[in-house]
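Report on the structure
Take a look at the letters that make up each chain.
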Amino acid sequence: MEVLKDKLVAGVLKNVQGSKINAPRKPEDRLPNIANFSFLGVEGESLVITLDQEGFAVSTGSACTSTALLPSHVLIAMGLIELDAHSSLRVSLGKQTTAKEIDQFIKVLPKAIDKLRKISGR
Amino acid sequence: MAIYNKKIMEHFTKPKFFGKINNPDVIGKAGNPRCGDLLTLYLKIDKKSKKIKDIRFETLGCASAIASSDMICELAKGKTMEQALKIGFQDVSNELGTLPPLKIHCAQLVTGALKDAINNYLPSHETTEDK
């Protein structure tokens, strides 16, 4: 699963300008199945809904805080500024996730982000 | 995703009024980085009739903030500034078929931005005749 996650992270950072990964510095401190990104000029929830329409179920943060409007307290504690925390996307991989799905995600994501950046003007 | 109705999704996925107006007569802003929504409205005003000739938005925000931005533009376009000032957040929410309770602030945000624009316009364009 970690191989797939590394493929996802590399693909996203390469294909989307203004993207960054939110993760501990040491690779051994990271979970093998979850990646968290921030995309400049895009708000997380609108990205989640756009991707949902493309068939991808992703989230902005943990399920336990999904009804809160505040940015993730974890990302803030990690030192992110509020705008970056609001623009976060959390992608979780499961047992059934395939390399083909990762490829498809990496293809669809830049289009979704471009669309929302046109709307935000950023 | 079931939290939004069809009308909200329509205005979110196919907004008609997004973008910038070059040389707008006035702009209005609302939002802050903490709540995560930042909105700018660009307006062209007909000097004689004081009607809003054109209006566009740029919004960094959630789906309902984008849908509400599109709706406030639809409601305000063609109205005089006096009429536009009377558009309430309930009007925006009702036109969208009611926003979820957690998202009502999005409607307040967009009416706030429109009021900001109109308040910015009026003092600088008052003529002696108006006084």
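Residues numbered from 1 in each chain as written. Chains lettered and ligands numbered in written order. Predicted model: local features only at pLDDT ≥ 70, side-chain atom pairs only at ≥ 80, totals over all residues. Heavy atoms only, no water.

**Description of the confidence of the model for chain B**
All names here are of chain B. For clarity, the cut-off: Confidence of the predictor in every single residue is expressed as pLDDT, which spans 0 to 100. Numbering goes from the N terminus for both helices and strands, where a helix is a DSSP run of H or I of at least four residues and a strand is a run of E of at least two.
With 94% of its residues at a pLDDT of 70 or more, chain B has an overall mean of 92. When mean pLDDT is compared element by element in chain B, strand β3 (residues 52–60) scores highest at 98, while helix α5 (residues 104–125) scores lowest at 92. Model confidence for the complex is summarised by a pTM of 0.93, with the ipTM given as 0.92.

**Re the pattern of salt bridges**
Formally: Any carboxyl oxygen of Asp or Glu that lies within 4 Å of a side-chain nitrogen of Lys or Arg is treated as forming a salt bridge with it. Burial status follows relative accessibility: with a 1.4 Å probe on protein chains alone, a residue under 20% of its type maximum counts as buried, one over 50% as exposed, and anything between as partly exposed.
Counted under the stated rule, the structure contains 4 salt bridges over all chains. In this structure, the salt-bridge partner of Lys103(B) is Glu45(A), at a minimum N-O distance of 3.3 Å. Here the residue Lys103(B) occupies a position in the loop between α4 (89–95) and α5, and Glu45(A) occupies one in helix α2 (residues 44–53), the pair thus bridging two chains. Lys103(B) gets classed as buried once you look at its relative accessible area, which sits at 8%.

**Details of helix α5 (residues 99–120) of chain A**
Residue and element names in this part refer to chain A. What counts is decided by this rule: One fewer than the residue count of a helix, multiplied by 1.5 Å, yields its expected span.
With 22 residues, α5 should cover 32 Å at 1.5 Å per step; its first-to-last C-alpha distance of 32 Å lies within 8% of that length. Inspection of α5 places Ile102, Phe105, Ile106, Val108, Leu109, Pro110, Ala112, Ile113, Leu116, Arg117, Ile119 and Ser120 among the buried residues, and these make up the whole buried set. In the segment just after α5, glycine 121 is the residue with positive phi, at about 70°.

**Remarks on the side chain of Ser69(B)**
Residues and elements named next belong to chain B. Our working definition: Polar contacts, as counted here, are pairs of nitrogen or oxygen atoms within 3.5 Å of one another; within protein the pair requires one atom able to donate a hydrogen and one able to accept it, and residues that are adjacent in sequence qualify only if both atoms are side-chain atoms. Any two residues having at least one pair of non-hydrogen atoms within 4.5 Å are treated as being in contact.
With respect to the secondary-structure elements, serine 69 resides in helix α2 (residues 63–76). A distance of 2.6 Å separates a polar atom in the side chain of serine 69 from the backbone oxygen of alanine 65. Setting aside residues no more than four positions away along its own chain, serine 69 makes contact with Leu39, Phe57, Thr59 and Val110.

**Observations regarding the sheet that holds strand β3 (residues 88–92) of chain A**
Sheets are built from strands paired through backbone hydrogen bonds, the pairs being either parallel or antiparallel. Residue and element names in this part refer to chain A. Spelled out, the test is: Pairing between strands is defined by DSSP: at least two bridges between them are needed. A fitted line through C-alpha atoms represents every axis, and for helices the fit uses only the stretch in contact; the resulting angles, taken between N-to-C directions, go from 0 to 180 degrees.
Read across the sheet, 3 strands follow the order β1-β2-β3 without closing on themselves; strand pairing throughout is antiparallel. Edge positions in the sheet fall to β1 (19–21) and β3, since each has one partner strand and no second. For this sheet, the mean inter-axis angle between neighbouring strands, taken without regard to orientation, is 30°. Pairing of β1 with strand β2 (residues 34–39), which is carried by 3 bridges, proceeds in the antiparallel orientation.

**Observations concerning the environment of Asp103(A)**
Within the secondary structure, Asp103(A) sits in helix α5. With a relative accessible area of 42%, Asp103(A) lands in the partly exposed category.

**Considering helix α1 (residues 2–15) of chain A**
Since there are 3.6 residues in each turn of an α-helix, residues three or four apart along the chain are aligned in direction. Residue and element names in this part refer to chain A. With 14 residues, α1 extends 20 Å between its outermost C-alpha atoms, agreeing within 8% with the 20 Å of an ideal straight helix rising 1.5 Å per residue. All of the buried residues in α1 are Leu4, Lys5, Leu8, Val9, Gly11 and Val12. Its buried side turned inward, α1 meets β1, β2, β3 and α5.

**Considering the interface of chain B and chain A**
Note the cut-off: When two parts are brought into contact, each loses some accessible area as probed by a 1.4 Å sphere; the total of that loss over both is the buried area.
Taken together, the contact between chain B and chain A spans 24 residues of the former and 24 residues of the latter. Both sides of the chain B and chain A interface together cover about 2100 Å² of buried area, and 65% of this is carbon and sulfur. There are 8 residue pairs in polar contact (both at pLDDT 80 or more) connecting chain B and chain A. If you list the elements that add at least two residues to the side of chain B that touches chain A, you get α1 (6–13), β3 and α2 of chain B.

**Let's talk about the pairing of β3(B)**
All names here are of chain B. Pairing geometry for strand β2 (residues 37–45) and β3, over 8 bridges, is antiparallel. If you follow lysine 44 over to β3, its bridge partner there is aspartate 54. Counted along the chain from β2 to the antiparallel partner β3, the turn is 6 residues long, and its residue lysine 50 has a positive phi close to 60°.

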